Amino acid sequence: MEIALRPEIHSYSGGLGILAGDTARSCADLELPVVFVTLASRAGYLRQEIAADGSQVAHDDPWNPAEWATPLDAMIAVGIEGRSVWIRPWLYVVTCPIGHEIPVLLLDTDLDQNAPEDRRITDRLYGGDDVYRLKQEIVLGIGGVRLLQALGFSIGTYHLNEGHAAFLTLELLRRRQRSDPGANRLAHEVDHVRDMCVFTTHTPVEAGHDRFSYDDVRRVLGADFVPLDELKPLAGEDRLNMTRLALNLSGYVNGVARRHAETTKRMFPGYRIAAVTNGVHPVTWTHEAFARLYQQILPNWGHEPEVLIRAEHLRDEDVWAAHKAAKHDLLEAIRRSTGVAMDPDVPLLGFARRMTGYKRPDLLFSDLQRIRSINGRFPFQVVMAGKAHPRDEEGKQLIREIHDWMRALAPGIRMAFLPNYDIALAKTLVAGTDVWLNTPQPPLEASGTSGMKAALNGVLNLSVLDGWWVEACVDGITGWSIGRDGAEEAGQHADALYAKLEGQVLPLYHQDRARWVWMMKQGIAKIPSYFNSQRMMRRYTTEAYVRP
Ligand SMILES: *Cc1c(COP(=O)(O)O)cnc(C)c1O
């Protein structure tokens, strides 16, 4: 549903879209024969402002496809509520540094041929009600398959990221049945579709799994698109569950980290769930000062990030100088955006991601007295950012509370909340902090990727053991864990966080800079050499796309 292509194209909301963008960038680097399909989302997700009382103000965030993409001359229709809804794609081309290109199709229903309400179907990312979402997923899944065919693509494998595009499996099933009406053996046709489909689930959070009522499906998609007695065994008896549909019609299914694959197996017993741990696109997320440094001794690091394993050869003073440059850029950005002047010599903790309950941005503030006392011994400062979905009341409340706590802790502890977290701001934040904090409620962080971006820039992770960090953390070497794996109740994580900050992280920064820089180099060597999207795409290619 979302792909983050560049800051000016507002067709993404968070980690899922950023991952899709990094996937496209690595596909281009690796010259994989791949085409991406998403919605145009002309109205964007949201542009965030923070009001004086700390509440989020959500504005429209439109972008104009004509400025960044080319309209293609193909048009196809899907049936929605008995009307023909026409879809035209915009073409955006992702180009890698050595020139290979990957097409991205942005589906758009804002056409003269369509009724006014249908023109808005592809407008708003994650907006509207269930029926609006159902229409979007019909456009994405069914429209996507039809457009690819109209444009002359011959697709060997469809890779569904999340259940949003799962209607494409039904379109493939219908085609098989129509091309072979005599046979009419559903099980056989299902097997054929499964051979063509790969499904990656990206979250254990319930709200991430769409369900539609069969009344809505009948009314919007039509009763005979796929007869309900054939559909229900594939998609659920009570409601049409897009995740179930994707699970049942995909021959390869994976979670996005080992821990997440285990969690998914528990949520959906009876399916084979593989694990392909996420990665980030090295060149996209590396500050130019580090990029120059890597280039000197590890040429080709962007294309083949495995070579970063030799980062221990970097000179300490060069690593520290590159970090100072990145931190300087961030402190400038903080000053410009909020007026807060941070101290370059005081460790800066960063926390930025979608603001929502399970990410627990409030964990750090569990005990204000304790924070003040830690800051009294080992001064630190904090920068935060993140948008809340307009209907996520808990997420919006968290943003307000963070602002209350910032006021309560001032002026002793310098803190800033930067509005409108996006790719550009993320790039500055993950490079310019000293410590990247992550405190999700296990096991709800499927993977997480921002910490991988931080590691590319020598920023040390301090995180609860969940998602990717279970695989990457060597405590005291590549970063730090908060609590032991699975040993603590969630309620004990705040204590574990304070103990780690006061006992290890902050004293190390203030008292043993040489060991700190040694850890930065350990993080650079051991994390991005594996947690990159080149390795991720090589694994999808050999294990999911080309199957025995
Ligand atoms: C990387 C990134 C995310 C994902 O962050 P997590 O900590 O993995 O949730 C979200 N939003 C933006 C803008 C990002 O760059």
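For the structure, see preceding data.
The sections below set out a description of the structure shown in this document. (Residues numbered from 1 in each chain as written. Predicted model: local features only at pLDDT ≥ 70, side-chain atom pairs only at ≥ 80, totals over all residues. Heavy atoms only, no water.)

A rise of 1.5 Å per residue sets the reference length of helix 19 (residues 493-511), with its 19 residues, at 27 Å; its end C-alpha atoms lie 25 Å apart and thus fit the reference within 8%. At Leu501, helix 19 is bent by approximately 45 degrees, the largest bend along its length. (Helix = DSSP H or I, 4+ residues; strand = E, 2+ residues; numbered from the N terminus. Expected span 1.5 Å × (residues − 1). Bend = angle between axes of the 7 residues up to and from the residue.)

Not every one of the 13 residues close to the ligand is listed here, only the nearest: Arg353, Lys359, Thr449, Ser450 and Lys453. The separation between an oxygen atom of the ligand and a polar main-chain atom of Thr449 is 2.6 Å. Out of a free accessible area of 390 Å², the ligand has 96% covered by protein chains. The set of elements that each furnish at least two residues to the shell around the ligand consists of helix 1 (15-29) and helix 17 (450-456). Class assignment of the residues belonging to the shell around the ligand gives a composition of four nonpolar, five polar and four charged. If you count residues domain by domain, the shell around the ligand takes at least three from each of domain 1 (1-155) and domain 3 (293-531). (Near = heavy atom within 4 Å. Polar contact = N/O pair within 3.5 Å; in protein donor to acceptor, adjacent residues only side chain to side chain. Areas by Shrake-Rupley, 256 points an atom, 1.4 Å probe, with all protein chains shown as cover. Nonpolar A, V, L, I, M, F, W, Y, C, P; charged D, E, K, R; others polar. Domains from an automatic or database assignment.)

Topologically, Ile9 is positioned in the segment before helix 1. Along the primary structure Ile9 and Arg42 are separated by 33 residues, whereas in three dimensions their C-alpha atoms are 8.7 Å apart. Discounting residues that sit within four places of it in the chain, Ile9 has contacts with Trp63, Trp68 and Tyr92. (Contact = heavy atoms within 4.5 Å.)

Turning to the packing of helix 4 (residues 130-150) against helix 5 (residues 167-179), a few remarks are in order. Packing of helix 4 against helix 5 brings their axes to within 8 Å, and their N-to-C directions diverge by 50 degrees. With respect to helix 5, the element helix 4 is oriented oblique. Where helix 4 crosses over helix 5, the two elements pack in a sense that is right-handed. Residues Leu134, Glu137, Ile138, Gly141, Ile142, Val145, Arg146 and Gln149 of helix 4 lie in contact with helix 5, whose contacting residues are Phe167, Leu168, Glu171, Leu172, Arg174 and Arg175. Here the residues of the contact of helix 4 with helix 5 sort into seven nonpolar, two polar and five charged. (Axes fitted to C-alpha atoms, helices over the stretch in contact; angles between N-to-C directions. Parallel < 35°, antiparallel > 145°, perpendicular 65-115°, else oblique. Left-handed = near helix turned anticlockwise from the far one by under 90°.)

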